[in-house]
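Now for the letters of each chain:
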Amino acid sequence: MNETNQTDRFAPLFAELDRRLAGEVPVRLAIEGGSASGKTTLGKILAERYDCTVFHMDDFFLRAEQRTAARFAEPGGNVDRERFLAEVLLPLRRGEKVFYRRFDCASMQLQNAVETAPKKLVAAEGAYLAPYYDLSVFLDISPELQRERISRRNTPEKAKRFFAEWIPMEQAYFAAFDIPAKCTLRLPIP
């Protein structure tokens, strides 16, 4: 997809961000949506267009000791919400620098802390913890397009795991908290 199409697709969000960023108050944006809906792509576009900070929930996967059946049964329990809240959202709310540790899937370990100064716009891609955001967008992808994108960018084994494990967990989270309906904007992904 070329840049013009991406700009058109996200135009309602850009208009709302431009309106809010014209004021003095910082904006915290939640980017929600299913796997392969374009959250990471949108985060990159926002970083370029607005010089904003983007946090990725992929950096907050559960550590080994957190990976229990009970935790995975919780809606949204597949990410370390508690660490994201403590290391990112609460410091942002106080206007402080953020020191957070990325989770490395290869080593299954937390990395050294990364320091990030808050900017006027901060976005969280794959957000969770909705009450901590000023604005939210849900990228609404059809199951067919989602399956096509996941199959194209993963090995068959990894795609199978997405369909069997991760997508049911994200759907349970969306349903339990009515995420699509509660987002400020809902953008269809063609």
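Refer to the structure presented above.
What counts as what
Residues numbered from 1 in each chain as written. Predicted model: local features only at pLDDT ≥ 70, side-chain atom pairs only at ≥ 80, totals over all residues. Heavy atoms only, no water. Pairing = 2+ DSSP bridges. Helix = DSSP H or I, 4+ residues; strand = E, 2+ residues; numbered from the N terminus. Axes fitted to C-alpha atoms, helices over the stretch in contact; angles between N-to-C directions. Contact = heavy atoms within 4.5 Å. Phe/Tyr/Trp six-rings, centres within 6.5 Å; stacked < 30°, edge-to-face > 60°. Buried < 20%, exposed > 50% of the residue type's maximum accessible area, 1.4 Å probe, protein only. Salt bridge = Lys/Arg side-chain N within 4 Å of Asp/Glu carboxyl O.

**Section: the sheet that holds strand E5 (residues 121-125)**
The five strands are arranged E2-E5-E1-E6-E7 in an open sheet whose pairing can be described as parallel. Unpaired on one side and paired on the other, strand E2 (53-56) and strand E7 (185-189) mark the two borders of the sheet. Averaged over all adjacent pairs, the angle separating strand axes in this sheet is 20 degrees, with direction ignored. Examined bridge by bridge, strand E1 (residues 27-33) and E5 share five bridges and lie parallel to one another. Its bridge partner lying in E5, Val27 is registered against Leu121. Across the sheet, helix H3 (residues 39-50) lies against E1, E2, E5 and strand E6 (135-141), angled at about 155 degrees from E1, the strand it touches most.

**Some thoughts on the side chain of Glu16**
Here Glu16 is to be found in helix H2 (residues 11-21). Sequence-distant contacts of Glu16, that is, excluding residues within four places in its chain, are made with Leu135 and Leu185.

**Some points on the packing of aromatic side chains**
All chains considered together, the criterion is met by 10 aromatic pairs. Taking the centre distance of 5.2 Å and the plane angle of 75 degrees together, the rings of Phe55 and Tyr100 count as edge-to-face. Of the two residues, Phe55 is situated in strand E2 and Tyr100 in strand E3 (residues 98-104); the sequence distance between them amounts to 45 residues. In this structure Phe55 comes out as buried when scored by relative accessible area, which is 2%. In this structure Tyr100 comes out as buried when scored by relative accessible area, which is 3%. Seen in terms of ring centroids, Phe60 and Phe84 are 4.8 Å apart; in terms of plane orientation they differ by 75 degrees. Their pairing is edge-to-face.

**So, unusual backbone geometry**
Leave glycine aside and you will find that most residues have negative phi; peptide bonds, for their part, are mostly trans. Within the chain, Ala36 stands out as a residue other than glycine whose phi angle is a positive 70 degrees. Note on placement: Ala36 falls in the loop between E1 and H3. When its relative accessible area of 8% is taken as the criterion, Ala36 is described as buried. One non-glycine residue, Asp178, lies in the positive phi region at around 50 degrees. Looking at where Asp178 falls in the secondary structure, it is placed in the loop between helix H7 (156-177) and helix H8 (179-182).

**Remarks on the pattern of salt bridges**
Scanning all chains against the criterion turns up 19 salt bridges. In this structure, Arg102 engages Asp59 in a salt bridge whose closest nitrogen and oxygen atoms are separated by 3.4 Å. One end of the pair, Arg102, is in strand E3; the other, Asp59, is in the loop between E2 and helix H4 (69-73), with 43 residues separating them in the sequence. We classify Arg102 as partly exposed; its relative accessible area is 36%. Take Asp59: its relative accessible area is 14%, and that puts it in the buried class.

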